[in-house]
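This is what each chain is made of:
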Amino acid sequence: MTDEDAAEATLAPDEAFAVLGDETRIGILRALGAAEEPLSFSELRERVGVDDSGQFNYHLEKVVGHFVAKSDEGYTLRRSGRRVVEAVLSGAVTETPAFERTRIEEACEYCGAPVEVRWRSGNVELFCTECAGRYGQSYGATKRPEPVAAGYLGRMPLPPAGLQGRTPDEIVRAAWTWSHLEMLAMSSGLCPRCSAPVETDVFVCEDHDASDGLCDRCDGAHAVNVGARCTNCIFRSGGVLVVVLLADTALLAFLTAHGLNPVAPDSIRRLNEVLADYDETVLSTDPFRARFTFGVDGDRLTLTVDDDLSVVGVDHGTAASQ
Ligand SMILES: [Zn+2]
Ligand SMILES: [Zn+2]
Ligand SMILES: [Zn+2]
């Protein structure tokens, strides 16, 4: 570790936030983030728009070290400074981002009825206009599952910046890519925000009966739901199994062999029919062991999953052979 790296790593979170609690200092980080090359003291002061050079220097000194590097060529952003600017800009939009439930072109993977979408608190939420949807409750937003409106098909994270210049259908597609990138990280065991290890929980409904849409007991379409949480930061997520299984090699190979790309889908509905509308058999609850069968175009993939949500068995077959 160089001295520079050490300077970046050794600021406690409360100190880091104290340093950032000032408009001029955030302005310095944003100006450096927008700059193509290192900026001299006077160029930087001019771009931030502060006339008093003594006052400007006072604020600049506060961010040099942890957020800003100073060299002979001038001032540049450090990695943690870039992260701050990225976070600020992912939430910075010209208008208050909100849109109410809007019908999109995608159809429900369970019943084929039109789907409606809305954006709320950093998430794109999807609802079927006819069937019961996938969940009667939402997993992962808080420590416990929370009730949701009828027809709920789930939510996908999307920062406010993701709404800019996109139609509702394009927004859903963007959210799909964004959330599947997060799932690939989570199912590889790392937090998509901070890269620390992720821990998973399994929720199993022992008397599951979803023959009428949603089960009366667990309020969901599937008996097995999962939650994932970071061991370091506050990130949490959850939902159907695919949240923690998407990076499985057999599943990815099965998808791509059928022209389904989980991060750049042609048809969200077709992908959802595989990833959300699968058969499940709970073999044991203590320890947890279950079998999940995904199907597309007459082909089937069955994954047996153990207590750690690791895949311990892979079976290929056609619909006729099962
Ligand atoms: Zn439906
Ligand atoms: Zn149930
Ligand atoms: Zn984290």
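Residues numbered from 1 in each chain as written. Chains lettered and ligands numbered in written order. Predicted model: local features only at pLDDT ≥ 70, side-chain atom pairs only at ≥ 80, totals over all residues. Heavy atoms only, no water.

**Student:** Talk me through the sheet that holds strand E5 (residues 123-128); I want residue IDs and the actual numbers.
**Tutor:** Taken together, the four strands give an open sheet; going across it, the order is E3-E4-E5-E8, and neighbouring strands pair in antiparallel fashion. On the outer flanks of this sheet lie strand E3 (99-107) and strand E8 (152-157), each paired with one strand and no other. Direction aside, neighbouring strands of the sheet carry axes that sit 25° apart on average. (Pairing = 2+ DSSP bridges. Helix = DSSP H or I, 4+ residues; strand = E, 2+ residues; numbered from the N terminus. Axes fitted to C-alpha atoms, helices over the stretch in contact; angles between N-to-C directions.)

**Student:** Before we move on, can you summarise the UniProt feature "domain: DUF7347" (unreviewed entry) in the chain with the specific residues and values?
**Tutor:** In this numbering, the UniProt entry assigns the feature "domain: DUF7347" (unreviewed entry) to residues 13-88. For residues 13-88, the helix share is 64%, the strand share is 11%, and the end-to-end C-alpha distance is 17 Å. (UniProt positions renumbered as here; feature names shortened; annotations may be inferred.)

**Student:** I'd love a proper account of the nonpolar core, names of residues and values included.
**Tutor:** Ranked by internal contacts, the top residues of the largest apolar core, which has 58 residues, are Val 124, Leu 126 and Phe 292. Here this core gets seven residues from one element, more than from any other, and that element is helix H7 (residues 168-187). Excluding anything up to four places from it in sequence, Leu 126 contacts Ile 104, Val 115, Glu 116, Val 117, Gly 151, Tyr 152, Leu 153, Gly 154, Met 156 and Val 172. (Core = buried A, V, L, I, M, F, W, Y, C linked by side-chain atoms within 4.5 Å. Buried < 20%, exposed > 50% of the residue type's maximum accessible area, 1.4 Å probe, protein only. Contact = heavy atoms within 4.5 Å.)

**Student:** Any chance you could break down the coordination of the zinc ion (ligand 2) for me, citing the residues and the numbers?
**Tutor:** Coordination sphere of the zinc ion (ligand 2), protein contribution only: Cys 205 (SG), His 208 (ND1), Cys 215 (SG) and Cys 218 (SG), at 2.1 to 2.4 Å. Geometry at the zinc ion (ligand 2) is tetrahedral, judged from the four donor atoms that bind it and their angles of 95 to 117° at the metal. Donor residues for the zinc ion (ligand 2) sit on one chain with the sequence pattern C-x2-H-x6-C-x2-C. On the accessibility criterion, Cys 205 (11% relative accessible area) is buried. (Donors = N, O, S within 2.8 Å, 3.2 Å for Na, K, Ca; no water. Tetrahedral: all angles 85-135°; square planar, octahedral: opposite > 155°, others 65-115°.)

**Student:** Which residues make up the pairing of strand E11 (residues 236-239), and what values do they have?
**Tutor:** Residue alternation in E11 divides its side chains into a buried set, Ser 237 and Gly 239, and an unburied set, Arg 236 and Gly 238. Across four bridges, the pairing between strand E10 (residues 224-230) and E11 is antiparallel. Paired with Val 226 across the two strands is Gly 239, which belongs to E11. Between the antiparallel neighbours E10 and E11 lie five residues.

**Student:** Let's hear about the domain arrangement of the chain: which residues, and what values?
**Tutor:** Taken domain by domain, the chain holds domain 1 (3-91) and domain 2 (99-321). Distance from the C-alpha centre of domain 1 to the C-alpha centre of domain 2: 39 Å. The partner domain 2 presents four residues to the four residues of domain 1 that form the contact. When the area that domain 1 buries against domain 2 is broken down by residue, the three leading residues are Arg 83, Ser 90 and Gly 91, summing to 92%. At the boundary of domain 1 with domain 2, the tally comes to two residue pairs in polar contact (both at pLDDT 80 or more). (Domains from an automatic or database assignment. Buried area = accessible area lost by both parts, 1.4 Å probe. Polar contact = N/O pair within 3.5 Å; in protein donor to acceptor, adjacent residues only side chain to side chain.)

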